[in-house]
Amino acid sequence: MSWSSFFKSWMTDTYKAPKKAESAVISESLMEHLDLQIRVMEELKFNQQKEARKKQSGVDYGWLVTVPPKRYKMSQGERLLMEQVCAKVKASETNQVFTLFHDSLLRQPDMANIPKILRAIITQIIEQRPKEETMSDWVTRRAVSLSNIRVRTQSRVLPVSPEDIEMQPNPRAKSLPEFNNKDVDDMPV
């Protein structure tokens with residue numbers, strides 16, 4: 001592919017990125033946020049340990065030798081489980097998930113516990129959802145409500161006398177002029 005054709009295809013508005021499913025976007029954002037919070041927590045713990053060593057020894061040799069902190073990495077099985085759990089979250093529940101997750105991180109848990117905390121928060125929110133009504137539930141509920149309606153078995157028929165009914169001609173018939181054969185013959189053709 002030449003560069004000119006690449007830029008032409010890139011500059012046109014015909015290309016549109018494929019839309020992802022809402023659950024995939026939510027799952028991806030929750031997983032990225034989890035990874036970010038793990039890195040932030042690791043850095044915070046590393047800085048706290050560094051300060052504690054500095055206070056204990058009274059001398060800072062950090063400029064001489066710095067050992068990069070050991071990064072926490074979730075296992076593949078745990079990551080897949082987290083992605084499956086995150087995919088169950090609805091868009092309206094994400095704010096609640098983030099709020100509870102940040103509140104629980106204030107206690108500075110261990111790195112291995114952070115994914116477990118997020119999973120527990122998500123399962124708690126999913127369990128608190130109102131139960132969705134199935135079709136069979138709806139049908140039985142409607143059948144019960146219809147059975148409570150009383151149908152009148154005896155209907156009253158009131159007698160009507162001929163005087164009560166006024167015989168009125170059709171209103172359209174009144175608005176038309178009446179033609180008879182004599183009038184039709186006198187009309188110019």
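Residues numbered from 1 in each chain as written. Predicted model: local features only at pLDDT ≥ 70, side-chain atom pairs only at ≥ 80, totals over all residues. Heavy atoms only, no water.

> Lay out the overall build of the protein chain with the relevant residues and their values.
Across its full length, the protein chain carries eight helices and zero strands. Written out in order from the N terminus, the α and β elements of the protein chain read α-α-α-α-α-α-α-α. Per-residue burial for the protein chain yields a buried fraction of 16% across its 189 residues. Taking the contacts inside the protein chain whose residues are at least 6 apart along the sequence as the reference set, 80% of them involve residues at least 24 apart. Carbon and sulfur atoms make up 57% of the accessible area of the protein chain, which totals about 16,500 Å². (Helix = DSSP H or I, 4+ residues; strand = E, 2+ residues; numbered from the N terminus. Buried < 20%, exposed > 50% of the residue type's maximum accessible area, 1.4 Å probe, protein only. Contact = heavy atoms within 4.5 Å. Areas by Shrake-Rupley, 256 points an atom, 1.4 Å probe, with all protein chains shown as cover.)

> Tell me about the nonpolar core, and please be specific about residues and values.
One finds L34, F101, I114 and I122 to be the most contacted residues of the largest nonpolar core, which totals 21 residues. For this core, the elements supplying multiple residues, two or more each, are α2 (22-57), α3 (76-86), α4 (94-105) and α5 (113-127). Setting aside residues up to four positions removed in sequence, I122 forms contacts with L30, V85, C86, V89 and V97. (Core = buried A, V, L, I, M, F, W, Y, C linked by side-chain atoms within 4.5 Å.)

> Mind laying out the packing of α2 against α5, listing which residues take part and the relevant values?
The geometry of α2 relative to α5 is characterised by a closest axis approach of 10 Å and an angle of 140 degrees between their N-to-C directions. If you check the angle between α2 and α5, you find them oblique. In terms of crossing hand, the pair formed by α2 and α5 is right-handed. Contact with α2, carried on its side by L30, L34, Q37, I38 and M41, involves I114, P115, L118 and I122 of α5 and no other residues of that element. (Axes fitted to C-alpha atoms, helices over the stretch in contact; angles between N-to-C directions. Parallel < 35°, antiparallel > 145°, perpendicular 65-115°, else oblique. Left-handed = near helix turned anticlockwise from the far one by under 90°.)

> Go over the pattern of salt bridges with me, naming the residues and quoting the values.
On inspection of all chains with the given rule, the structure shows four salt bridges. Notably, a salt bridge pairs R79 with D35, separated by 2.9 Å at the nearest N-O pair. Taken together, the residues R79 in helix α3 and D35 in helix α2 connect sequence positions 44 residues apart. Here R119 ties to E78 by a salt bridge, and the two come within 3.8 Å at their closest N and O atoms. Taken together, the residues R119 in helix α5 and E78 in helix α3 connect sequence positions 41 residues apart. (Salt bridge = Lys/Arg side-chain N within 4 Å of Asp/Glu carboxyl O.)

> Can you tell me about α4, naming the residues and giving the values?
Note: α-helices contain 3.6 residues per turn, so residues at a spacing of three or four share the same orientation. Here α4 contains twelve residues, and its C-alpha end-to-end distance of 16 Å stays within 8% of the 16 Å for a straight helix at 1.5 Å per residue. By the burial criterion, the buried members of α4 are T94, V97, F101, S104 and L105. For α4, the angular spread of the buried residues around the axis is 100 degrees, confining them to a single face. Check the buried side of α4 and you find it contacts α2 and α5. (Expected span 1.5 Å × (residues − 1). Arc of directions from axis to C-beta.)

> Now, about the confidence of the model for the protein chain: what can you tell me, with residues and values included?
Looking at the protein chain, pLDDT values average 78 and 64% of them are 70 or higher. Of all the helices and strands in the protein chain, helix α7 (residues 171-175) carries the lowest mean pLDDT, 54, while α5 carries the highest, 93. (pLDDT = per-residue confidence, 0-100.)

> I'd like to hear about the side chain of T94, residue by residue, with values.
Topologically, T94 is positioned in helix α4. Setting aside anything within four residues of it in sequence, one finds T94 in contact with I26 and V89.

> Outline α2, listing residues and values.
With 36 residues, α2 should reach 52 Å at 1.5 Å per residue; the first-to-last C-alpha distance of 53 Å fits that figure. Each element contacted by the buried residues of α2 is listed here: α3, α4 and α5. Remark: G58 follows α2 within two positions and exhibits a positive phi of approximately 80 degrees.

> Explain the side chain of S27 residue by residue, including any values.
Mapped onto the fold, S27 is located in helix α2. On the accessibility criterion, S27 (9% relative accessible area) is buried. Not counting residues up to four positions away in its chain, the partners in contact with S27 are E83, C86 and A87.

> Just give me the short version of the packing of α4 against α5, but keep the residues and values in it.
When two helices pack together, their arrangement is captured by the angle between the axes and the distance separating the axes. Running from N to C, α4 and α5 point in directions that differ by 140 degrees, and their axes come no closer than 10 Å. It follows from the interaxial angle that α4 and α5 lie oblique. Handedness of the α4/α5 crossing: right-handed. From α4, Q96, V97, L100, F101, S104 and L105 reach across to α5, where they touch I114, I117, L118, I121, I122 and I125. Among the residues making up the contact of α4 with α5, the classes are represented as ten nonpolar, two polar and no charged. (Nonpolar A, V, L, I, M, F, W, Y, C, P; charged D, E, K, R; others polar.)

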